[in-house]
Each structure stands twice: as structure tokens, then as C-alpha cells.
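# Descriptive analysis of the structure
Here is how the chains run, residue by residue.
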Amino acid sequence: MQSCLAWSMEVKLKWTLCCILLATLSPTGGVDPEDSCDADNESCSDANRKSQLNKDMEQASRTKETLSKRFDNIPNTYTNELVLIPTGVFTMGTDDAILPQDGEGPARRVKITEFYINKYEVSNAEFAQFVKETDYITEAEKFGDSFVFDQLLSNATKSEITQAVKDAPWWLPVKGASWHHPDGMDSSIEDRWDHPVVHVSWNDAVAYCKWADNGRLPTESEWEYAARGGLEGRLFPWGNKPTPKGEHWMNIWQGEFPTNTLVDGYLGTAPVGSYPTNRYGLHNMAGNVWEWTADWWSIRHSGEPVTDPTGPPKGTDKVKKGGSYLCHKNYCYRYRCAARSQNTPDSSASNLGLRCAKTVG
């Protein structure tokens, strides 16, 4: 848990260019002293801690009241299903690393025991059902803000923002942005129930997967094995061509940033059932939204064969895979099967989602 709420002047965030968030906030406005404290911050007065606790409780109450009005409207759209991925051996990573600083190599033989994984990324409708049944409040809601790509924001929302991510000004911290207000408080998910849920932290993702079929997040090796769909040494889940037969098979940035030609149909997220599946029947294993995995981040890997690796025992960041609608070959070539990135477990953004896995038996 962060010790200070969002809009603090010293919030540290992780940013890897388009893959968010490895830089510090660059403040341009003032901060109310009471807003920079929470109940665990010993430098805050008792009065301030009490005041912040009251604010948190009021915000949680407003969130619950707002969502309760929408619970009856949750559609049964793209209800997820678990796909059985068979036991097998594959080559994880690559010896031809395009981003070696990310720990893409070395290539190593990995045996994976059969497991289940979601056919689709978790949708807004599915996450809404989770919240309806559990009253769960995400970390973005608790912190009071989350990061949104600026082209998705209304002019009214942008006019209220006084901070930006250093070296990446297209990422803006938006008050009230959360899974059910993905582009700020004046947006909703009622026109995108079948889109992937975003603004979920790693901790939120773990909670959701446990609720859903008593599942879990996939390990990084399971995720990559499933994404490759039984193909060896290919860049993408279907092969080496980004647009096979001239068709768009993933949701990534089109054109020269910051101009998006929209030739694949989307500026932001696409519905979770969009685009063809890989050979295992999985949708959107490249692009659309980043997906959390269970592993702690490390860039050091043994080249020796292993079985069901789970990553290092501890760390500060969690691995995410798949890339997002903001990735492009020129600056964020991380929608390849071997590509990877990372964020702290409490991070959230408008291009970060999840899919769940489950152990067989």
C-alpha cells in the first residue's frame, strides 16, 4: 500500500516509454497537506489521519452507491471460459533480443504442465459482476486517481489536470479514473462492457482471479507458452508477419505517434473477442492491453532447461506481457511473444488489464 495518496509530490512511478510508468511525476500545482496523508503515515497529525480516513470512507461509499445503480444492467457479454493448455516443452525468450535491457534472453527450454487459461482478457462486465458480489474496491479507487492516455480524455477533464509523467506527457494522472470510469469521471463502461477491464493493479487482479473459479494469475512462462500457441520461435502468436494476408490481427498503434490512423479500428481498447485466435483458441495475446502475470520481475535468466518456473522469490515489480494499443515497433516493440515489461504491484493505467489461469486438478 502506498503511504501517501495520489497527487503527492513524491509519487514514484515506473515507466518504460509507451509501456508506463518508469518516471516521477512532474508537478505543476500545489497539494493540500491533508490530501498528502493517510492513516499509516506517522508524520501526519491525528486530526489529519482522521480526516483522511473519513474522506476514504466517503469515497468508498459514493463508489458503491454509484455502481449499485448499474448492477442490474450488467450484460452477459463474452462470458469468459477456461481453455486447457496441454503439457509441453517450448523455447521461452529469445537469443535475438530486440530489447535486451528487458531480459528477453537467453532462449531456454521450458516444460509446462497442463493448466487452464482464460480465452479472453477479463472484461468490464465480468469485473463488474465481481464487484457486485464482493463490494471490492480497487487500488485506483482507494488512491483517488489513475493514469490515462491523453487522447482518450475529454477537453473538460484535461483542463483540470496540472501534472504529467516526466518524459511521457501523454500519460496524465486523472482524478477519479478507475475501472468503471476508464477515461475520467465523465466516462463510463456502459458503452464498452465487452472491452477489457483496465485500471486494475496486480493486487486487484489476484483478488479477481481468486474469486473467478478459485483461479490465479498465470506465471510468465505459462503466459508465453499459451501465447505462442504451439509455434516455435515466432515473433507473434500466429507467426512472424504483423499483418498476415494484409489483415490486422492485433490492436496496436497505427501510424506515427502521436497520430493514429485507426486502420485497425481502435484508438483505445478493443472488445475482448476481437481479432482471430491463436492455435490454442486465445484472443488478444498480442496488443490491446498489457496483462499481469504472477512472477516478480528479473532480467537475469539461466539458459538451462527448467520445468514450470515461477520467477524469483521476491522483488519490487511484477511482470506484464502482451503489449497494448499504445505499442508500436518504433518505440514499444513489446507485443512480441518474447517481449516483457514490468510495474509495481499497486500500479494501474488505462492500458493494463488481466486474464486468469487455473491449475488442473
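No experiment lies behind these values; they were computed from the predicted model shown.

### Some details on the state of the cysteines
Evaluated as defined, the whole model comprises 1 disulfide. Residue pairing for Cys209: its cysteine sulfur links by disulfide to Cys356, the two sulfurs lying 2.1 Å apart. Looking along the S-S bond of the Cys209-Cys356 disulfide, the torsion reads about -85°, which is the left-handed sense. Of this pair, Cys209 sits in helix 5 (residues 202-211) while Cys356 sits in the loop between strand 13 (352-353) and strand 14 (357-359), placing them 147 residues apart in sequence.

### What to know about unusual backbone geometry
In the segment running from Gly105 into Pro106, the intervening peptide bond is cis, with an omega of 0°. Relative to the helices and strands, Pro106 resides in the loop between strand 3 (88-92) and strand 4 (108-112). Backbone torsion omega between Phe257 and Pro258 reads 15°, so that peptide bond is classified as cis. Residue position: Pro258 is located in the loop between helix 6 (220-228) and strand 9 (290-296). Even without glycine at this site, Asp213 takes up a positive phi of about 60°.

### Description of empty space enclosed by the protein
The gaps of empty space that remain are located by a probe, the size of a water molecule, rolled over the atoms. Across all of its chains, the model carries 2 cavities of 30 Å³ or more by this definition. Considering the residues around the largest cavity, the lining is formed by Pro237, Trp238, Trp249, Tyr275, Pro276, Thr277, Asn278, Leu282, His283, Asn284, Met285 and Ala286. Here the residues of the lining of the largest cavity are counted per class, giving 8 nonpolar, 4 polar and no charged.

### A short note on the packing of aromatic side chains
One pass over the full model with this rule turns up 19 aromatic pairs. Taking the centre distance of 5.7 Å and the plane angle of 85° together, the rings of Phe149 and Trp253 count as edge-to-face. Here Phe149, found in strand 6 (residues 145-149), pairs with Trp253, found in the loop between helix 6 and strand 9; they are 104 residues apart in sequence, far enough to count as distant. When the centroid spacing of 5.9 Å and the interplanar angle of 10° are considered together, the rings of Phe236 and Tyr335 count as stacked. Placement of the pair is Phe236 in the loop between helix 6 and strand 9 and Tyr335 in the loop between strand 11 (318-321) and strand 12 (341-343), with a sequence separation of 99 residues. For the pair shown, Phe236 and Tyr335 are each scored as buried. Each residue in the set Phe127, Phe130, Tyr136, Trp179, Tyr208 and Trp211 is aromatic and connected to the rest through ring pairs, giving one cluster.

### Structural notes on the nonpolar core
Counting residues in each nonpolar core, the largest one holds 32 residues, and the members touching the most others are Phe127, Tyr208 and Leu354. Of all the secondary-structure elements, those providing two or more residues to this core are helix 2 (124-134), helix 5 and strand 9. The greatest single-element share of this core, amounting to 5 residues, is contributed by helix 2. Discounting chain neighbours no more than four positions away, the residues touching Leu354 are Glu121, Val122, Val197, Val200, Ala205, Tyr208, Cys209, Leu217, Trp290, Glu291 and Trp292. Membership of the second largest hydrophobic core comes to 16 residues, among which are Phe90, Val110, Trp223 and Ala227.

### Details of the pattern of salt bridges
Summed over all chains, the structure comprises 11 salt bridges. The residue Asp183 makes a salt bridge to Arg192 at a minimum N-O spacing of 3.0 Å. Per residue, the accessibility class of Asp183 equals that of Arg192, and both read buried. Between Glu220 and Lys321 there is a salt bridge, with its nearest N and O atoms 3.9 Å apart. Of the two residues, Glu220 sits in helix 6 while Lys321 sits in strand 11, which places them 101 residues apart along the sequence. A single burial state applies to Glu220 and to Lys321, both of which are buried. One continuous salt-bridge network, built from bridges that share partners, spans Glu220, Glu224, Arg228, Lys321 and Arg340.

Conventions and cut-offs
- Residues numbered from 1 in each chain as written.
- Predicted model: local features only at pLDDT ≥ 70, side-chain atom pairs only at ≥ 80, totals over all residues.
- Heavy atoms only, no water.
- Disulfide = S-S within 2.5 Å.
- Helix = DSSP H or I, 4+ residues; strand = E, 2+ residues; numbered from the N terminus.
- 1 Å grid on protein atoms, 1.4 Å probe; cavity = no way out; pocket = protein on both sides within 12 Å on 5 of 7 lines; lining within 4 Å.
- Points joined across faces, edges and corners; volume = space filled by probe spheres on them.
- Nonpolar A, V, L, I, M, F, W, Y, C, P; charged D, E, K, R; others polar.
- Phe/Tyr/Trp six-rings, centres within 6.5 Å; stacked < 30°, edge-to-face > 60°.
- Buried < 20%, exposed > 50% of the residue type's maximum accessible area, 1.4 Å probe, protein only.
- Core = buried A, V, L, I, M, F, W, Y, C linked by side-chain atoms within 4.5 Å.
- Contact = heavy atoms within 4.5 Å.
- Salt bridge = Lys/Arg side-chain N within 4 Å of Asp/Glu carboxyl O.

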